[in-house]
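Chain residues, written in single-letter form:
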Amino acid sequence: MTSLRQRKGSRGKEATPAAEVQSQESNCDWSWGAIIWTSIGWSVSVGLGLLCSIYVATLHENDLWFSNIKEVEREISFRTECGLYYSYYKQMLQATSIQEGLSELIRDNLTESKRTINLLQRMNIYQEVFLSVLYRLLPLQAYLEPVYFYIYTVFSLQAVYVIALYLTAWLLAGSWLAGLLTGVWYILNRVDTTRVEFTISLRENWSLPFFALQVTAVTCYLRPQLSKVMVWLMYVTTCCFCLTWQFNQFILLVQALIVYILDISLAHTWLCVSAQVTTLYLVQVSGLLSVWLLQFCNSMILGSLVLSFIVAALFIRHCQSALKTGGLLVRLAKVLLHSILVLLLAFIINSLTKKALQLRSDEHIFKFIKSKFALGPTRDFDASLYLCEEAFGLLPLDTVERLAGTLLLYPYVPTVLLLSGMLAVAVLHNLRYVMLSGKRGQVETFRPDVAYNLLHSVLYGLLAFSTMRMKYIWTGHMCAVAAYGVCGTDLWTLLLKALRCNTKVLVHTSLSCPSLFWPKLMEELSELREFYDPDTVELMTWISTKTPKQAVFAGSMQLLAGIKLCTGRVLTNHPHYEDKDLRERTRQVYQVYARRSPEEVYDILRAVGADYVVLENSICYERRHRRGCRLRDLLDLANGHIMDGPGENEPDLVPASHPRFCEAIKTDATAYTGLFTRTFQNKTFYVYRLKKKRKKSGKASSEPGVKQ
């Protein structure tokens, strides 16, 4: 859609051995030197956060020359779904009052033609509402444009993200030097840790900083200090995370699995308190239910798999109270049976809940997962849209090469392997020791906070390798784990003593390495480019000036999001895909790129209320994807038609009886001109207005222009 050109010019917890060690460490006297050293650590965290925020803001400015381009160009730079989300911020500011703006969002009839929907229920746009209200109330209008207030807020959240990772590493290693190393690695690996500079409004850019804060709170909660405060912080950050991203339930499901593993593998060996596990579950549940209320009882949250899993885990744990008794083999067998029962009950609860709520909003996600692992049909249009996008494919090997190039991968891998081995040995040793002696004082200790972060890194790492888009959850935390591996004296003391090394030497070496990448960062910051997309600017200008304000536009999801933002026109479909009826409508509208007759396409577009349809050459003649993944190929497969171009076709596919609509309509054959009028065209876009319904003619399908 856009291109770039070079610019010219707790109390009540059962004491554990690990907790006793931590409490001894925390009881050390606070000397003036310690206070100064800690103050320096906090100052460094804030400085690193601000540095990262300024860094991505500078990259965004240098990439687009954002301060010098026109308003329509700024809005076009909010690509795909980002433009849709930002349009609601703009809509709230244009409303005559906050109350009217909220009313328009709750009863919206512009986002989906012929439908009135509650946007606060359907979409995660509370952040846009909050910012628009804040901008109205604060005396900023004379000093800061609305768009800058928006993007600077998002960039500021990157500072929060870095500070959260910094604190996590500090808590794990016991030294803020680990936090410093974490922040430096996060910035050096910016390509793989964030994409905020070119996808500002993307939901993950809002939610991941809060998720990182929640992980910091969990890490602190699994230590013996400030437990009650941490419970409230975990709840607040969980609410903010869930409120700002529609995929929250899947991320929290992985976290619930981590808590479950902590429970079954650690709690019965006195390495993690059972009450803490229950609290972590309840924090997740309360956070999700709070968001459910804020989103006007969104049924997708009640039908989420994570809620079903937590209910099943708590119920089975209550029923199987004898899980922590018996010999080693007996306990392992009980754990296996326990896990099978939890998973089985979770799926039963989830199926019954969805059936009772008649919930089908997230079924495309499960279709995608089934198709991805060859467990379901691969011709499903919705699943194929995801499978054919690079962001939802496997993690590319060049990501691993980049992480190794910044020296992040080298300490991370041995740290994870060493911690995994130590955890496994500790669990097995304690199972066997407790079984033989029944005593508690000599168990092998393993810190619960370290165990949580280890499992967090491993499970989200597996998620990242399976789906590239999820790597941004993993790579940031990866920096904290690697920094703990370098600076955590409790981890390396035994190994370094055996090798007769000094931890200070290792830390100094690791902190001096980032200076090698300083020239590369400076070179990146010196690259000046400019936003350049004249065809899209021309289209948006034409729509704004030459079409009625209530005109309804059909087209691709990505383009329509931009039309909504730049022109305020009514849409037939949009990129927020978490609704079954919208997915079906999108598939129907996309028939303009399939082999369908003009009458069929006309009837489809009229059924969704379209007045205009925008055709894009980049889709009609797409070459970006391989054969079988082009949008026209997905439509052909879904319609049972043979695909374009050389290559094999499945035997049950048949030739289409009509030419491809987006190509044939440009021939101006009578069958097409009788139904559509070309009103705009340039090198990239063709816009056609739908004529009023006319009587069917038997000659329409026999015109020469529609022969295949």
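This one's a predicted model, so the numbers in the text were calculated from it and none came from an experiment. The written sequence of each chain sets the order in which its residues are numbered from 1. It should be noted that, the model being predicted, local features are given only for residues of pLDDT at least 70 and side-chain atom pairs only at 80 or more, the latter also being counted only at that level, while totals for whole chains, interfaces and linings use all residues. Side-chain metrics in this entry use all non-hydrogen atoms of the structure; hydrogen atoms and water are not considered.

Chemist: So what's going on with the overall build of the protein chain? Which residues, and what values?
Modeler: Working definition: helices are DSSP H or I runs of at least four residues, strands are E runs of at least two. Numbering for both runs from the N terminus. Along its length, the protein chain carries 34 helices and 7 strands. Buried means the residue's accessible area, taken with a 1.4 Å probe over protein chains only, is under 20% of the maximum for its type, while exposed means over 50%, and partly exposed covers the values in between. Expressed as a percentage of its 708 residues, the buried residues of the protein chain come to 55%. Total accessible area on the protein chain stands at roughly 31,000 Å², and carbon and sulfur atoms take up 63% of it. Per-residue and other accessible areas were derived by the Shrake-Rupley procedure at a 1.4 Å probe size, with only the shown protein chains allowed to occlude residues.

Chemist: Which residues make up the pattern of salt bridges, and what are the values?
Modeler: The term salt bridge refers to a side-chain nitrogen of Lys or Arg lying within 4 Å of a carboxyl oxygen of Asp or Glu. Across all of its chains, the model carries 32 salt bridges by this definition. With a shortest N-O distance of 3.3 Å, Asp449 and Arg223 are connected by a salt bridge. A residue pair is termed long-range when its members are at least 10 positions apart, and Asp449 in helix α22 (residues 448-466) and Arg223 in the loop between α11 (203-221) and α12 (227-243) qualify at 226 residues. In this structure, Asp449 and Arg223 share a single accessibility class: buried. Two residues, Glu389 and Arg624, come together in a salt bridge whose shortest N-O distance is 3.7 Å. On the criterion of sequence distance, the pair formed by Glu389 in the loop between α19 (381-387) and α20 (397-405) and Arg624 in the loop between α31 (617-620) and α32 (631-639) is long-range, its members being 235 residues apart. For Arg624, a relative accessible area of 64% corresponds to the exposed category.

Chemist: Can you tell me about the state of the cysteines, naming the residues and giving the values?
Modeler: Here a disulfide denotes a covalent bond joining the sulfur atom of one cysteine to the sulfur atom of another. Pairs of cysteine sulfur atoms within 2.5 Å are identified as disulfides in what follows. Under the defined criterion, the tally for this structure stands at 2 disulfides. Here Cys620 connects covalently by a disulfide to Cys662, the sulfurs 2.0 Å from one another. Looking along the S-S bond of the Cys620-Cys662 disulfide, the torsion reads about 80°, which is the right-handed sense. Linking Cys620 in helix α31 with Cys662 in helix α33 (residues 661-664), this pair joins segments that are 42 residues apart in sequence. Exposure remark for Cys620: the relative accessible area of 1% places this residue in the buried category. The class for Cys662 is buried, based on a relative accessible area of 0%. Should the bonded cysteines of the protein chain be numbered as they appear in the sequence, the pairing reads 1-3, 2-4.

Chemist: Tell me about a nonpolar patch on the surface, and please be specific about residues and values.
Modeler: Residues Trp32, Ile35, Ile36, Trp37 and Ile40 make up a contiguous nonpolar surface patch of roughly 560 Å² in combined accessible area. Summarising the element assignment, Trp32 is placed in helix α2 (residues 32-64). Residues forming no salt bridge and having over 30% relative accessible area are the ones grouped into patches, like charges within 9 Å of each other and nonpolar side chains (Val, Leu, Ile, Met, Phe, Trp, Tyr) within 5 Å.

Chemist: Kindly report on the pairing of strand β6 (residues 676-681), identifying the contributing residues and their values.
Modeler: Pairing of β6 with strand β7 (residues 685-690) involves 5 bridges; the strand directions are antiparallel. When the sheet's bridge partners are listed, Arg678 is paired in β7 with Tyr688. Hairpin geometry of β6 and β7 is characterised by an intervening segment of 3 residues between the two adjacent antiparallel strands. A pair of strands counts as paired when DSSP detects no fewer than two bridges linking them.

Chemist: Tell me about the packing of aromatic side chains, residues and numbers included.
Modeler: Two rings from Phe, Tyr or Trp (for Trp, the six-membered ring) form a pair when their centres sit within 6.5 Å of each other. Planes less than 30 degrees apart are called stacked, planes more than 60 degrees apart edge-to-face, and all others tilted. Applying the stated criterion to the full structure yields 34 aromatic pairs. Ring geometry for Tyr161 versus Tyr186: centroids 5.3 Å apart, planes at 65°, classification edge-to-face. Taken together, the residues span a long stretch of sequence, with Tyr161 in helix α8 (residues 146-173) and Tyr186 in helix α9 (residues 176-188) at a distance of 25 residues. A relative accessible area of 4% places Tyr161 in the buried class. Three or more aromatic residues joined by ring pairs make a cluster, and in this case those are Phe211, Phe241, Trp245, Phe247, Phe250, Phe366 and Tyr460. For the cation-ring pair, Arg203 lies above Tyr85, with the distance from its terminal atom to the ring centre recorded as 3.8 Å. Should the NZ of a Lys or the CZ of an Arg lie within 6 Å of a ring centre and within 35 degrees of the ring normal, that charge is described as sitting over the ring. One cation-aromatic arrangement involves Lys666 over Tyr686; the distance from NZ or CZ to the ring centre is 4.4 Å.

Chemist: Tell me about the sheet that holds strand β3 (residues 552-554), and please be specific about residues and values.
Modeler: Strand order in the open sheet formed by 5 strands is β4-β3-β5-β7-β6, and the pairing between neighbours is mixed. Edge positions in the sheet fall to β4 (570-571) and β6, since each has one partner strand and no second. Sheet topology places strand β5 (residues 612-616) next to β7; 5 bridges connect them, and they run antiparallel. From the neighbouring strand, Glu616 faces β7, where its bridge partner is Phe685. Here helix α27 (residues 534-546) sits on the sheet and contacts β3, β5, β6 and β7; the angle it forms with β7, its principal contact strand, is near 20°. Note on contacts: a residue pair qualifies if any of its non-hydrogen atoms lie within 4.5 Å across the two residues. Angles here are taken between N-to-C directions and fall from 0 to 180 degrees, while the axes themselves are lines fitted to C-alpha atoms, restricted in helices to the stretch in contact.

Chemist: Explain the nonpolar core to me, using residue names and the numbers behind them.
Modeler: Nonpolar core, defined: a set of buried Ala, Val, Leu, Ile, Met, Phe, Trp, Tyr and Cys residues in which side-chain atoms within 4.5 Å join the residues together. In terms of nonpolar packing, the biggest core is built from 189 residues, with Phe78, Tyr150, Leu615 and Phe676 touching the most fellow members. Among the elements that make up this core, the one with the highest residue count is α8 (19 residues). An automatic or database domain assignment supplies the residue ranges for each domain. Both domains that meet at this core, namely domain 1 (153-433 + 446-503) and domain 2 (534-690), each give it at least three residues. Setting aside anything within four residues of it in sequence, one finds Phe78 in contact with Phe66, Gly83, Tyr86, Val147, Tyr150, Ile151, Ile200, Ser201 and Leu565. Judged by nonpolar contacts, the second largest core, of 12 residues, contains Leu84, Met123, Ile125 and Ala561.

Chemist: Lay out α2 in plain terms, naming residues and giving numbers.
Modeler: An ideal rise of 1.5 Å per residue puts 48 Å on 33 residues; α2 measures up with 48 Å between its terminal C-alpha atoms. Two residues or fewer after α2 comes Trp65, characterised by a positive phi angle close to 55°. What a helix should span is 1.5 Å times the count of its residues minus one.

Chemist: Account for the side chain of Ser87, with residues named and values stated.
Modeler: Inspection of the secondary structure assignment puts Ser87 in helix α4 (residues 81-94). Leave out the neighbours within four places in its chain, and Ser87 touches Lys564 and Leu565.

Chemist: Residues and numbers for the environment of Tyr686, please.
Modeler: The topology assignment puts Tyr686 in strand β7. The residues contacting Tyr686, other than those within four sequence positions of it, are Val613, Val614, Leu615, Asn617, Lys666, Arg678, Phe680 and Gln681.

Chemist: Residue-level account of the environment of Thr467, with values.
Modeler: Relative to the elements of secondary structure, Thr467 occurs in the loop between α22 and α23 (471-487). C-alpha of Thr467 to C-alpha of Leu394: the two residues are 73 residues apart in sequence and 5.1 Å apart in space. Among residues more than four places away in sequence, those in contact with Thr467 are Lys372, Ala391, Phe392 and Gly393.

Chemist: Residues and numbers for the pairing of β5, please.
Modeler: Within β5, 5 of the 5 residues are buried, which leaves the element mostly enclosed by the surrounding structure. As defined by bridge partners, β3 adjoins β5 across 2 bridges and the pair is classed as parallel. Counted as the bridge partner of Ala554 is Val613 from β5.

Chemist: Break down the confidence of the model for the protein chain for me, with residues and values.
Modeler: pLDDT expresses how confident the predictor is about each individual residue, on a scale running from 0 to 100. In the predicted model, the protein chain carries a mean pLDDT of 87, and 85% of its residues have values of at least 70. Confidence drops under a pLDDT of 50 for residues 7-28, and excluding neighbours within four residues, the segment shows 39 contacts in the predicted structure. In this model, residues 697-708 is a region of pLDDT below 50 whose contacts with residues beyond four sequence positions or in other chains number 15 contacts.

Chemist: Describe the environment of Gln358, listing the residues and the values that go with them.
Modeler: Positionally, Gln358 belongs in the loop between α17 (328-357) and α18 (363-372). With a relative accessible area of 71%, Gln358 lands in the exposed category. For the pair formed by Gln358 and Gly303, sequence separation is 55 residues and the distance between their alpha carbons is 9.5 Å.

Chemist: Got a sec to walk through the side chain of Ser304? Specific residues and values, please.
Modeler: Within the element layout of this structure, Ser304 appears in the loop between α15 (299-302) and α16 (305-319). With relative accessibility at 0%, the residue Ser304 sits in the buried group. For the purposes of these results, a polar contact is taken to be a pair of N or O atoms within 3.5 Å, where, inside protein, one atom must be able to donate a hydrogen and its partner to accept one; residues adjacent in sequence count only when each atom of the pair is a side-chain atom. In this structure the side chain of Ser304 is engaged in a polar contact, spanning 2.7 Å, whose partner is the backbone oxygen of Ile301. Beyond its immediate stretch of four places on either side in the chain, Ser304 contacts Gln249 and Asn350.

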